[in-house]
Amino acid sequence: MDSLERMAALTGEDLWRAFEEQCQAAEATQATLLREILQANRDSEWGRRFGFVELGNVDHYRARVPLSDWDDYQEASRRMLAGEQDILVQGMPPVHFVKTTGTTGESKMLPDNRWSKLAGSITMSLRQQAVLRDHPEAFRGKILPLVNQGIIGETPGGVPYGYISGATLQEMSPAARARLAIPLALANIPPGEVADYCFMRFAIEHSVTLIAGNNALRLAQLFQLADRRREEILRDVEQGTLSEASAITEDLAPLMKPNPDRAQQLRALLTEHGKLTGYWPDLRLVLCWKSASMGSMVKEAAPWCPPQTLFREYGYGASEGKFTVPIDDQRAGGVLAPHGMFYEFLPEGESEKTLLMHQLEVGQCYEMILTNCMGLYRYRLHDMVRVLDRLGSAPIVAFERKSGDMGNMFGEKLTPADAAEVMAQLEGVRFYQLIARPEEQRYLVALELEAGSSQRPSARRVEQLLYDQNVAYRVFRDQLVLQPLKLQIMPPGWRDQLLAEMGRRSGGALNQIKLQVFPHRLIQGDNP
């Protein structure tokens, strides 16, 4: 695909200028990309089925190819896992299968090929260039990447599979790897306590100035683990050992050298603070998700970081690809990159007629539909995004919610944004969920309070805030269609139990887990 090859050949400011030019001409950039995808895959099984060779423009494509869901690809995925080729794409066999976390359904196995990897690599380079432009000081020390297991195993066809974040790490250049605070081998340790301990045992020896990962909550948990197991970490650093002996591999063994000077510094910090903290005084930047409910996790990691540490949006993406390039520190969104995949959007309430990226309105919310180099065609991601602004004709978007993550018994359409606005006005709330109870014509609001909080919100207070926040909710309450909500205070650790359960279901990949704000039922810890 010529357009991707041209972008991949650029670096630094040249790459950024090309990106800005594409954003100014988003409609033409997208049309070119779609034409190249269809041309390249016209002789694939799906290309022949839908007559890609006959589709001359965007309108022809939308008229001929229906919207799709993962159910439409399950059989193709099964065959590709067994080693069959030229099904979704032509002449571009998978080099890695991306396992999804399955947090909103069953785990999927997505075929990552040279083209899809190239598209993602360009987006990552653009994200890095944006951060380097705004915060060059963040690259003066080591970088700690929060990744999931890159290679879990092999498919029946002999292709490795794993999570996309760890796989991306494996593909870094030797120069880029040298800037990491952890050995590359850690990216293949199964997620859990062993992996997290190893991450912190190695990273704590370095001066970390930049942390990059999706989930700020995982970062908070890493800090907590280092403090909880501080005596082991101090001993391992001092003696050049690893308490988690099961993790020691041929790659790791040569890297474990006694470092008594660093151990002495850490002991001094422990004496000063009463806990193991303050070991990265030059930490400048944390890249993480800040949109929707994920933004609330920042407050859990922030107290462990130096006062000057900034939390910046990492960039919206999924196992299906990397979508946005954040361009500032303030917004919880980024520019939808025109080069990587072809986008369509369903306005709220619309089921078939899509808009293109240059047609979106600022302030509106849309369901995102994508066509990518993996071989997903008009694929419903079931993500809702909100348009915040524009760069040229490319929208700046933020993830809002999954399309099903909404309270809508009678047309009130309560969103995670509504819930976040309400909870922001309550003190001491650590986590919350709203569960529709149609048989009672009301919502159950489940709250976990912060440890030691003396605040206990009343149901009347929460009801009034929700009444003021959402006009439709107010109307249905006034009409007595909706009854007053019920409030349930959950036991301490409830959220962490939910995360642990989802981690078990998804193989422990906490970094990509998103808890729903409007689940279909209340799960009380381990017991539904």
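Each value, and the rule that gives it
- Residues numbered from 1 in each chain as written.
- Predicted model: local features only at pLDDT ≥ 70, side-chain atom pairs only at ≥ 80, totals over all residues.
- Heavy atoms only, no water.
- Phe/Tyr/Trp six-rings, centres within 6.5 Å; stacked < 30°, edge-to-face > 60°.
- Buried < 20%, exposed > 50% of the residue type's maximum accessible area, 1.4 Å probe, protein only.
- Helix = DSSP H or I, 4+ residues; strand = E, 2+ residues; numbered from the N terminus.
- Pairing = 2+ DSSP bridges.
- Contact = heavy atoms within 4.5 Å.
- Axes fitted to C-alpha atoms, helices over the stretch in contact; angles between N-to-C directions.
- Parallel < 35°, antiparallel > 145°, perpendicular 65-115°, else oblique.
- Lys, Arg positive; Asp, Glu negative; His and termini not counted.
- Salt bridge = Lys/Arg side-chain N within 4 Å of Asp/Glu carboxyl O.
- Arc of directions from axis to C-beta.
- Polar contact = N/O pair within 3.5 Å; in protein donor to acceptor, adjacent residues only side chain to side chain.
- Nonpolar A, V, L, I, M, F, W, Y, C, P; charged D, E, K, R; others polar.

Novice: Hey, could you run me through the packing of aromatic side chains in this one?
Specialist: Two aromatic rings are characterised by how far apart their centres lie and by the angle between their planes. Scanning the entire structure with this criterion turns up 20 aromatic pairs. Geometrically, the ring pair formed by Tyr 316 and Phe 323 is edge-to-face, given 4.9 Å between the ring centres and 70° between the ring planes. For the pair Tyr 316 and Phe 323, one class covers both residues: buried. When the centroid spacing of 6.5 Å and the interplanar angle of 50° are considered together, the rings of Tyr 443 and Tyr 473 count as tilted.

Novice: Please clarify how unusual backbone geometry should be interpreted in this entry.
Specialist: With the exception of glycine, the majority of residues adopt a negative phi angle, and the majority of peptide bonds are in the trans configuration. One non-glycine residue, Asp 86, lies in positive phi territory at about 60°. Topologically, Asp 86 is positioned in the loop between helix H6 (74-81) and strand E1 (96-99). Notably, Gln 441 is not glycine yet its phi reads approximately 60°, a positive angle.

Novice: How should the sheet that holds strand E12 (residues 334-336) be read in this particular structure?
Specialist: Sheet strands pair by backbone hydrogen bonding; their relative direction is either parallel or antiparallel. If you trace the 6 strands from one edge of the open sheet to the other, you get E11-E12-E16-E15-E14-E13, paired in antiparallel fashion. Edge positions in the open sheet fall to strand E11 (324-325) and strand E13 (342-347), since each of these has one partner strand only. Two elements, E11 and E12, share 2 bridges in a ladder whose sense is antiparallel. Pairing of Val 325 across the sheet is with Val 335, part of E12. Sitting on the sheet, helix H3 (residues 26-40) is in contact with E13, strand E14 (365-371) and strand E16 (394-402), with an inclination near 115° to E13.

Novice: It is not clear to me how the sheet that holds strand E18 (residues 442-449) should be interpreted in this structure. Could you clarify?
Specialist: Read from one edge to the other, the open sheet built from 3 strands follows the order E17-E18-E19, with strand pairing classed as mixed. The open sheet has two edge strands with one neighbour each: strand E17 (429-437) and strand E19 (486-489). The sheet shows a mean angle of 20° between the axes of neighbouring strands, taken without regard to direction. With 8 bridges connecting them, E17 and E18 associate as antiparallel partners. From the neighbouring strand, Tyr 432 faces E18, where its bridge partner is Leu 447. Set on the sheet, helix H15 (residues 416-424) makes contact with E17 and E18; between it and E17 the angle comes to about 135°.

Novice: Sorry if this is basic, but what is going on with the packing of helix H2 (residues 12-24) against helix H7 (residues 114-134) here?
Specialist: The description of two packed helices rests on the angle between their axes and on the distance between the axes. It is the contact of H2 with H7, at a shortest axis distance of 10 Å, that shows an interaxial angle of 110°. Our classification of the angle between H2 and H7 gives roughly perpendicular. Of the residues in H7, those in contact with Gly 12, Glu 13, Leu 15, Trp 16 and Phe 19 of H2 are Ile 122, Ser 125, Leu 126, Gln 129, Ala 130 and Arg 133.

Novice: In this structure, what is going on with the pairing of strand E6 (residues 208-212)? I would like to understand it.
Specialist: The two faces of a sheet get side chains in turn, since along a regular strand they alternate between them. Counting buried residues along E6, 5 of its 5 residues qualify, which places the element largely inside the surrounding structure. Direction of pairing for strand E3 (residues 142-145) relative to E6: parallel, over a ladder of 4 bridges. Bridge assignment links Ile 143 to a residue of E6, and that residue is Leu 210. Where E6 lies against strand E7 (residues 285-288), 3 bridges are found, and the strand directions are parallel. Opposite Leu 210, over in E7, you have Leu 285 as the bridge partner.

Novice: Where do I start with the side chain of Lys 322 in this structure?
Specialist: On the secondary structure map, Lys 322 appears in strand E10 (residues 321-322). For the buried Lys 322, which has no salt bridge, the nearest side chain bearing the opposite charge is Asp 112, at an N-O separation of 6.9 Å. Apart from the residues within four sequence positions on either side, Lys 322 is in contact with Gly 120, Thr 123, Met 124, Arg 127, Ile 164, Thr 168, Tyr 316, Gly 317, Met 341 and Tyr 343.

Novice: What's the story with the pattern of salt bridges in this structure? I'm lost.
Specialist: The final tally for this structure, using the stated rule, is 40 salt bridges. Across the salt bridge formed by Glu 400 and Arg 386, the nearest N and O atoms sit 3.1 Å from each other. Remark: Arg 386 occurs in strand E15 (residues 379-391) and Glu 400 occurs in strand E16; sequence separation between them is 14 residues. On the accessibility criterion, Glu 400 (10% relative accessible area) is buried. Asp 496 is the salt-bridge partner of Arg 430, the closest N and O atoms lying 3.2 Å from each other. With Arg 430 in strand E17 and Asp 496 in helix H18 (residues 494-505), this pair connects stretches of sequence that are 66 residues apart. The exposure class of Arg 430 is buried, given its relative accessible area of 19%. Relative accessible area serves as the criterion here: at 29%, Asp 496 is assigned to the partly exposed category.

Novice: Can you help me understand helix H17 (residues 471-478) in this one?
Specialist: An α-helical segment advances 3.6 residues per turn. Residues three or four places apart therefore align on the same side. For H17, every residue scored as buried is listed here: Tyr 473, Phe 476 and Arg 477. Seen from one end, H17 has its buried residues packed into an arc of 100°, which puts them on one side. Exposed and oriented more than 90 degrees from the buried face of H17 are Val 471 and Asp 478. In this structure, the buried side of H17 is in contact with E18 and helix H16 (459-469). N-cap assignment for H17: the residue whose side-chain oxygen lies 3.1 Å from the backbone N of Ala 472 is Asn 470. Looking one or two residues beyond H17, the residue adopting positive phi is Leu 480, at roughly 65°.

Novice: Hey, could you run me through the packing of helix H10 (residues 193-203) against helix H11 (residues 216-228) in this one?
Specialist: H11 packs onto H10 with a crossing angle of 80° between their chain directions and a minimal axis gap of 9 Å. Judged on the interaxial angle alone, H11 and H10 are roughly perpendicular. Residues Glu 193, Asp 196, Tyr 197, Phe 199 and Met 200 of H10 form the contact with H11, whose own contacting residues are Arg 218, Leu 222, Phe 223, Leu 225, Ala 226 and Arg 228. Among the residues making up the contact of H10 with H11, the classes are represented as 7 nonpolar, no polar and 4 charged.

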